[in-house]
Amino acid sequence: MQSSNFADGAAYVGGRFVPIQEAAIPVTDWGFTRSDAVYDVVHVFHAGFFRLDDHLDRFHRSMQARRLAPKENRVQIEEILHRCVALTGLRDSYVAMVALRGRPRIAGSRRPADCDNHFIAYALPWVDVISPEVQARGAHLWIAGVPRVPDACFDPTVKNYQWGDLTTGLLEAHDHGFDTAILCDAEGFVTEGPGFNVFIVKDGRVLTPDRGSLHGITRASVLELCLSLGIEAAVAPLPRALLEDADEVFLATTAGGVMPVARVGRRILGNDRPGPLSMQLKDAYWRKHEEGWHRTPVRVLAEERAGSL
Ligand SMILES: Cc1ncc(COP(=O)(O)O)c(C=O)c1O
């Protein structure tokens, strides 16, 4: 099977499938020079995509918001994602899709409309944005000094590579010996962190911010789980003081799932371990995966299957 070449990852770029080490874009691509790109990430768990349609829907909304129109249509994009995973032979995978502005057709043009937009995708071995060891002990979360970029400047519901503020938060967190960071907006409301949404638990009630953050697919899954488990949950303004005074805190993302927090700044939550409600939701999230929740099996093409025999 081609997976020996592709075991470290498979990419689709320039209309071709290549091993991840060979995947590259031109240095003059505006997707690189201006972060003028949108993306999405879906995970594959035990050979099945999780909520693939939801990720494709969000990706298309992001492309429309930024007026990006690569030549591949939705059906083709879906096929490409299946093919990337199939080429790697991975059962658990991090799968990214990206639409980039590209380069201007007319030399020297500064008009985005003159650029040839293009689509790339890749599948990698599973990625956790917070390592499983840190998840098990509970992450230490730094409240960043840098504010989240205002929603009016860049719509945070469009999944994008404009990560300057999030990366500054991460640098601050590491400088202070913390695992990761959470950013507040200039008005002091909690938003999100580098690659995840945040939830707090207060008096048995689950809350997640209504602003400054991506409408995470994992966030939606957590809200669904709360509903089915009879846990009161709401999307609402979350002042920083509520985060600092929470009974429990957990983070949510495609690349890691439900990730409990044990410390917020210098404050230790509960017994310095993942809280009970966070663990209940984390366990339910993965148990439902085992049961095939929102699952689309990865299609393995006849040629790949034949090659593996
Ligand atoms: C900034 C940001 N917020 C939130 C999330 C979580 O979104 P999802 O659950 O759809 O992965 C991500 C995921 O990468 C992210 O980059």
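Up top you'll find the structure we're talking about.
Because the structure is predicted, anything quoted here is derived from the model rather than measured.

**Some points on the site of the ligand**
Thought 1: Surveying the vicinity of the ligand reveals 17 residues, the closest of which are Lys159, Glu192, Ile217, Thr218 and Thr254.
Thought 2: Within the side chain of arginine 58, a nitrogen or oxygen atom sits 2.8 Å from an oxygen atom of the ligand.
Thought 3: In isolation the ligand exposes 390 Å². Once the protein is present, 94% of that is buried.
Thought 4: Every element with two or more residues in the shell around the ligand is listed here: helix 7 (217–229) and strand 12 (248–253).
Thought 5: Along the lines of polarity and charge, the residues of the shell around the ligand split into seven nonpolar, seven polar and three charged.

**Topic: the packing of helix 3 (residues 52–65) against helix 4 (residues 74–88)**
Thought 1: One can describe the packing of helix 3 onto helix 4 by two numbers: an axis separation of 11 Å at closest approach and a directional angle of 125°. It follows that helix 3 is oblique to helix 4 by the angle criterion. As for the relative orientation of helix 3 and helix 4, their crossing is right-handed in sense. Contact residues: helix 3 offers Leu52, Asp53, Leu56, Asp57, Phe59, His60 and Met63, while helix 4 offers Arg74, Ile77, Glu78, Leu81 and His82.
Thought 2: Split into classes, the residues belonging to the contact of helix 3 with helix 4 amount to six nonpolar, two polar and four charged.

Basis of the calculations
Residues numbered from 1 in each chain as written. Predicted model: local features only at pLDDT ≥ 70, side-chain atom pairs only at ≥ 80, totals over all residues. Heavy atoms only, no water. Near = heavy atom within 4 Å. Polar contact = N/O pair within 3.5 Å; in protein donor to acceptor, adjacent residues only side chain to side chain. Areas by Shrake-Rupley, 256 points an atom, 1.4 Å probe, with all protein chains shown as cover. Helix = DSSP H or I, 4+ residues; strand = E, 2+ residues; numbered from the N terminus. Nonpolar A, V, L, I, M, F, W, Y, C, P; charged D, E, K, R; others polar. Axes fitted to C-alpha atoms, helices over the stretch in contact; angles between N-to-C directions. Parallel < 35°, antiparallel > 145°, perpendicular 65-115°, else oblique. Left-handed = near helix turned anticlockwise from the far one by under 90°. Contact = heavy atoms within 4.5 Å.

Shape descriptors only; they carry no functional weight alone.
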